[in-house]
Amino acid sequence: MLIIVGAILVTLCVFGGFMLAGGNIMTVAEAAAIELFIIGGGAFGAFVVANSMKTLKASIAGTLALLKPAKFQRQDYVDLLKMLYEILQKIRKDGLMSIEDHVENPSNSAIFQKYPKVLGDHHLLDFTTDCLRLIVGGNLAPHELEGLLEVELETHHKEAHGPSHAIQNVADGLPAFGIVAAVLGIVKVMSIVGDAPPAVIGQKVASALVGTFLGILLGYGYVGPVANALGARADEDSKPFEIVKMALIAYLRGYPPQVAIEFARKLLFSEVRPSFQDLESELKAAK
């Protein structure tokens, strides 16, 4: 909802300030349709040229997803930490091979079934089971596994930020498309100089300048902030993957399950991070 509130504030302050200063809003409104067609159409065309179909779809889906809360909330992170704790405890008590069936058939796993949020997120589930599979059968040293997981997370991070970068490029180009619209308007004005009265020419120049105004407003007031919000959401959505990596690597380095989970807890942002005492209570209940 902050996206909508912010957009409304931008609109009210910009256009409200213009009207309070004595500006005629109808001058902007009358020119806006054509100018938006030129600016918006040109920017969208460039957006299509510059990106793959995958990025186009992800950008649209990601923008719409900003109207909803983040995928993982505080309790979801607690559940993820509890799941990892149960897995690590089982490894510690029964050995690595005891989780093989859980890894190969997570939908039938008594552990994974307790945590439907993880089970329903196939990207996170695949990442978790792939990590555990490497631990069970890969015979990798902790630093080797950590390097491999860092490469995978870097790839995931780059892919997740694709829509943000694509939309930011549009935001950067919108002022230029506004100038294009304004120049076309001036070209039109120049073609009637000498034939039209000064009042008409003045009106045409004002309409042309609306193009520059709208290009800058759209770029810095709407599209740019959306791109930034997409980047922040991508960082939030990558946090569960980082938690899985940290917990497993810490365990492989010899830390007991509860300490490994504490390493992972430290990665969480403050607004969703459970306190040490709260998490300890949850882990005791999971034993």
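Look up a bit, the structure's there.
Residues numbered from 1 in each chain as written. Predicted model: local features only at pLDDT ≥ 70, side-chain atom pairs only at ≥ 80, totals over all residues. Heavy atoms only, no water.

Colleague: Would you explain the nonpolar core in this entry?
Modeller: Nonpolar side chains in soluble globular proteins tend to be buried together. If you look at the biggest cluster of nonpolar residues, it comprises 41 residues, and the most contacted ones within it are Leu-80, Met-83, Leu-84, Ile-87, Leu-132, Ile-243 and Ile-261. The dominant element in this core, judged by the number of residues it contributes, is helix 4 (residues 74-94), at nine residues. Apart from residues lying up to four places away in sequence, Ile-87 is in contact with Ile-99, Ile-111, Phe-112 and Leu-132. Membership of the second largest hydrophobic core comes to 23 residues, among which are Phe-47, Ala-166, Leu-174 and Val-226. (Core = buried A, V, L, I, M, F, W, Y, C linked by side-chain atoms within 4.5 Å. Buried < 20%, exposed > 50% of the residue type's maximum accessible area, 1.4 Å probe, protein only. Helix = DSSP H or I, 4+ residues; strand = E, 2+ residues; numbered from the N terminus. Contact = heavy atoms within 4.5 Å.)

Colleague: Help me out: how do you make sense of the pattern of salt bridges in this one?
Modeller: Two side chains with opposite charge may pair up if their charged atoms get near one another. One pass over the full model with this rule turns up 14 salt bridges. Measuring nitrogen to oxygen at the nearest pair gives 3.3 Å for the salt bridge that ties Glu-282 to Lys-82. With Glu-282 in helix 12 (residues 276-286) and Lys-82 in helix 4, this pair connects stretches of sequence that are 200 residues apart. The salt bridge involving Arg-253 is made with Glu-146; its shortest N-O contact spans 2.4 Å. With Arg-253 in the loop between helix 10 (198-252) and helix 11 (257-265) and Glu-146 in helix 8 (residues 142-160), this residue pair connects regions lying 107 residues apart in the sequence. Since its relative accessible area comes to 48%, Arg-253 is described here as partly exposed. Three or more residues are tied together by salt bridges with common partners; here these are Glu-104, Asp-130 and Arg-133. (Salt bridge = Lys/Arg side-chain N within 4 Å of Asp/Glu carboxyl O.)

Colleague: Just checking my understanding: could you explain the side chain of Glu-146 for this structure?
Modeller: In this structure Glu-146 comes out as buried when scored by relative accessible area, which is 19%. Beyond its immediate chain neighbours, meaning those up to four positions away, Glu-146 contacts Lys-245, Ile-249 and Arg-253.

Colleague: Which parts of the structure should I look at to understand a nonpolar patch on the surface?
Modeller: A grouping of Met-1, Ile-3, Ile-4, Ile-8, Leu-12, Ile-60, Leu-64 and Leu-67 is seen on the molecular surface, where their side chains present a nonpolar patch of about 770 Å² in accessible area. Mapped onto the nonpolar patch, the elements with two or more residues apiece are helix 1 (2-20) and helix 3 (53-65). Per-element tally for the nonpolar patch: the top contributor is helix 1, with four residues. Structurally, Met-1 is set in the segment before helix 1. (Patch = residues over 30% accessible without salt bridge, like charges linked within 9 Å, V, L, I, M, F, W, Y side chains within 5 Å. Areas by Shrake-Rupley, 256 points an atom, 1.4 Å probe, with all protein chains shown as cover.)

Colleague: It is not clear to me how the packing of aromatic side chains should be interpreted in this structure. Could you clarify?
Modeller: In total, this model carries five aromatic pairs according to the counting rule given. Relative to Phe-47, the ring of Phe-44 has its centre 6.3 Å away and its plane inclined at 45 degrees; by these criteria the two rings are tilted. Here Phe-44 and its partner Phe-47 are both found in helix 2 (residues 25-50), three residues apart, which amounts to about one turn of the helix. Of the residues examined, Phe-47 reaches a relative accessible area of 10% and is grouped as buried. Ring geometry for Phe-127 and Phe-241: centres 5.4 Å apart, planes at 65 degrees, overall edge-to-face. Taken together, the residues span a long stretch of sequence, with Phe-127 in helix 7 (residues 122-137) and Phe-241 in helix 10 at a distance of 114 residues. (Phe/Tyr/Trp six-rings, centres within 6.5 Å; stacked < 30°, edge-to-face > 60°.)

Colleague: Please explain the environment of His-161 as it appears in this structure.
Modeller: If you trace the backbone, His-161 turns up in the loop between helix 8 and helix 9 (162-190). In this structure the C-alpha to C-alpha distance between His-161 and Asp-130, which are 31 residues apart in sequence, comes to 23 Å. Residues contacting His-161, with those up to four places away along its chain left out, are Gly-231, Ala-234 and Asp-235. In this structure the side chain of His-161 is engaged in a polar contact, spanning 2.8 Å, whose partner is the side chain of Asp-235. (Polar contact = N/O pair within 3.5 Å; in protein donor to acceptor, adjacent residues only side chain to side chain.)

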